[in-house]
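Architecture and fold: a report
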Amino acid sequence: MRKLYEKSKLTFSIIWIVAYCVLMSIGDGLSAEAGTEKAVTLPIALALSVLLFAFIKRNNLTKEYGLCKSEVSAKKMLFYIPLALMMIANLWQGISLQVSVTETALYTLTMFCVGFLEEVIFRGLLFKAMAENGIKSAIIVS
């Protein structure tokens, strides 16, 4: 993977995008057939997340892709408390589960992996690769 990354970051990111889309779609289909949503998708998402994070960590790219300790002090992060309150406002009236607790856990864990993968692949790998040729196109595509 390192050789491909060094040869063409754009090709590397496109391969990750294709692998992510195809494997997650296959996982969703197999999960639906199994009868438990995200039962197959979660292990695929976890494997992709671990593989991508291991690649980034092994090649000392954590700082380049923002996967390191923040340089901003914790005191300055207090600014985000109102945003966090807005995000959880719909939970103030309680939670009504439409699926089983197991499926809820599978969905939640899968979405954490999806968030990680999409941010690193699209806003990390793809954006940085495209930004080398022009920031405007990188912003539009990413």
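Below is a summary of the structure that appears in this document. (Residues numbered from 1 in each chain as written. Predicted model: local features only at pLDDT ≥ 70, side-chain atom pairs only at ≥ 80, totals over all residues. Heavy atoms only, no water.)

With respect to the packing of aromatic side chains
All chains considered together, the criterion is met by six aromatic pairs. Measuring from centroid to centroid gives 5.3 Å for Tyr5 and Phe12, while their planes differ by 80°, and the two rings are edge-to-face. Their ring planes at 65° and their centres at 6.5 Å tell us that Phe12 and Trp16 sit as a pair that is edge-to-face. Note that Phe12 and Trp16 are positioned in helix α2 (residues 9-34) at a spacing of four residues, about one turn of the helix. Taken individually, Phe12 and Trp16 each receive the classification buried, so the pair is uniform in this respect. Among the aromatic residues, those joined into a cluster by ring pairs are Tyr5, Phe12, Trp16 and Phe55. (Phe/Tyr/Trp six-rings, centres within 6.5 Å; stacked < 30°, edge-to-face > 60°. Helix = DSSP H or I, 4+ residues; strand = E, 2+ residues; numbered from the N terminus. Buried < 20%, exposed > 50% of the residue type's maximum accessible area, 1.4 Å probe, protein only.)

Focus: the environment of Val18
With respect to the helices, strands and loops of the structure, Val18 is situated in helix α2. A residue is classified by how much of its surface remains accessible, and Val18, at 48% relative accessible area, is partly exposed. Considered as a pair, Val18 and Met111 are 93 residues apart in the sequence and their alpha carbons are 18 Å apart.

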